Amino acid sequence: MRPDATAGSASFNEAELLRRAREVRSRAYVPYSGFRVGAVVVTADGQWFEGVNVENASYRLTSCAEQTAITRMVAEGGRSEIVAVATVGDGTDPCTPCGACRQTIFEFGPDAVVYASGDGGKPLIVTMSELLPHAFGPKRLSQGYET
Ligand code: THU
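**Notes on the overall build of the chain**
A count of helices and strands for the chain gives five helices and seven strands. Counting from the amino terminus, helix and strand elements in the chain follow one another as β-β-α-β-β-α-β-α-β-β-α-α. Against the globule reference of 15 Å for 147 residues, the chain gives a C-alpha radius of gyration of 15 Å, in line with a compact fold. Judged by the C-alpha coordinates and their principal axes, the chain covers about 45 × 40 × 30 Å. Taking all 147 residues of the chain together, the buried fraction comes to 41%. The contacts of the chain with a sequence gap of at least 6 include a subset with a gap of at least 24, amounting to 60%. Computed over 14 positive and 17 negative side-chain charges, the separation of the two mean positions in the chain equals 2 Å.

Structural data, given as structure tokens:
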């Protein structure tokens, strides 16, 4: 892991980004799964937005940490491109974003780098195109459906 990464115009410290995601994880509301996730998204203009998973008794209304962070970003007026996302889940393995979260990240950060971690070992560092190849997104929609 490089100490400082530059993506777009934003420069951020990767270890600090993961540390922040691990720290916010403690605020997760997880009475059903007990599996806490913390996420931080970094925008091209250098802002950081935090999120945690928020579960619900109906189960299916659960909001993932990445989703919460992005909803917060938009609600707070952040609209510059997402350049990086860190997710830290409980357990030892890297907590990679679920399929729905990949699509949500893609909407605002098609070229984002994702830092996925748990509490053990090295983080997994992958690009959105690796996580969601041949994605359907806003660009495709604005260009129409013909190939
Ligand atoms: N979860 C996330 O917050 N992000 C992911 O990308 C994977 C799953 C949450 C949802 C649920 O509260 C818990 O982890 C167990 O699935």
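**Points about a nonpolar patch on the surface**
Together, Tyr29, Tyr32, Val54 and Tyr59 line one region of the surface with nonpolar side chains, adding up to about 430 Å² of accessible area. Accessibility expressed as a relative area gives 39% for tyrosine 32, which makes it partly exposed.

**Looking at the packing of helix H2 (residues 65–75) against helix H3 (residues 99–108)**
Angle between the axes and distance between the axes: these two values describe a pair of packed helices. Across the interface, H2 lies against H3 with an axial gap of 9 Å and an inter-helix angle of 30 degrees. On the basis of their axis angle, the class for H2 and H3 is roughly parallel. Crossing angle aside, the handedness with which H2 passes H3 is left-handed. On the side of H2, the interface is formed by Glu66, Gln67, Ile70, Met73 and Val74, while H3 contributes Cys101, Thr104, Ile105 and Phe108. Partitioned by chemical class, the residues of the contact of H2 with H3 number six nonpolar, two polar and one charged.

**Some details on the nonpolar core**
Core analysis: the largest hydrophobic core is formed by 15 residues, its most contacted members being Val41, Ile82 and Met128. If you list the elements that add at least two residues to this core, you get H2, strand S5 (82–89), H3 and helix H4 (128–131). Considering each element in turn, this core owes the most residues, three residues, to H2. Among residues more than four places away in sequence, those in contact with isoleucine 82 are Val41, Val42, Thr43, Ile70, Met73, Phe108, Gly109 and Ala112. Counting residues in each nonpolar core, the second largest holds 14 residues, with Leu18, Ala21, Val40 and Val88 among its members.

**Quick look at the site of the ligand**
All residues in the neighbourhood of the ligand are listed as Ser33, Phe35, Val37, Asn53, Glu55, Thr62, Cys64, Ala65, Glu66, Thr96, Pro97 and Cys98. At a separation of 2.9 Å, an oxygen atom of the ligand approaches a polar side-chain atom of asparagine 53. In the model, an oxygen atom of the ligand is placed 2.8 Å from a nitrogen or oxygen of the glutamate 66 side chain. Relative to its unbound accessible surface of 370 Å², the ligand loses 79% to contact with the protein.

**Notes on the sheet that holds S5**
Taken in spatial order, the five strands of this open sheet run S4-S3-S5-S6-S7, and their pairing is mixed. The strands lining the two open edges of the sheet, one partner per strand, are strand S4 (48–52) and strand S7 (124–127). In this sheet, neighbouring strand axes are inclined to one another by 15 degrees on average, regardless of whether the strands run parallel or antiparallel. Strand direction decides the pairing type here: strand S3 (residues 37–43) and S5, joined by seven bridges, are antiparallel. Opposite alanine 39, over in S5, you have threonine 87 as the bridge partner. Along the sheet, H2 makes contact with S3, S4 and S5, crossing S4 at roughly 135 degrees.

What counts and what doesn't
Residues numbered from 1 in each chain as written. Predicted model: local features only at pLDDT ≥ 70, side-chain atom pairs only at ≥ 80, totals over all residues. Heavy atoms only, no water. Helix = DSSP H or I, 4+ residues; strand = E, 2+ residues; numbered from the N terminus. Rg over C-alpha atoms; globule rule 2.2 N^0.38 Å. Buried < 20%, exposed > 50% of the residue type's maximum accessible area, 1.4 Å probe, protein only. Contact = heavy atoms within 4.5 Å. Lys, Arg positive; Asp, Glu negative; His and termini not counted. Charge placed at Lys NZ, Arg CZ, Asp CG, Glu CD. Patch = residues over 30% accessible without salt bridge, like charges linked within 9 Å, V, L, I, M, F, W, Y side chains within 5 Å. Areas by Shrake-Rupley, 256 points an atom, 1.4 Å probe, with all protein chains shown as cover. Salt bridge = Lys/Arg side-chain N within 4 Å of Asp/Glu carboxyl O. Axes fitted to C-alpha atoms, helices over the stretch in contact; angles between N-to-C directions. Parallel < 35°, antiparallel > 145°, perpendicular 65-115°, else oblique. Left-handed = near helix turned anticlockwise from the far one by under 90°. Nonpolar A, V, L, I, M, F, W, Y, C, P; charged D, E, K, R; others polar. Core = buried A, V, L, I, M, F, W, Y, C linked by side-chain atoms within 4.5 Å. Near = heavy atom within 4 Å. Polar contact = N/O pair within 3.5 Å; in protein donor to acceptor, adjacent residues only side chain to side chain. Pairing = 2+ DSSP bridges.

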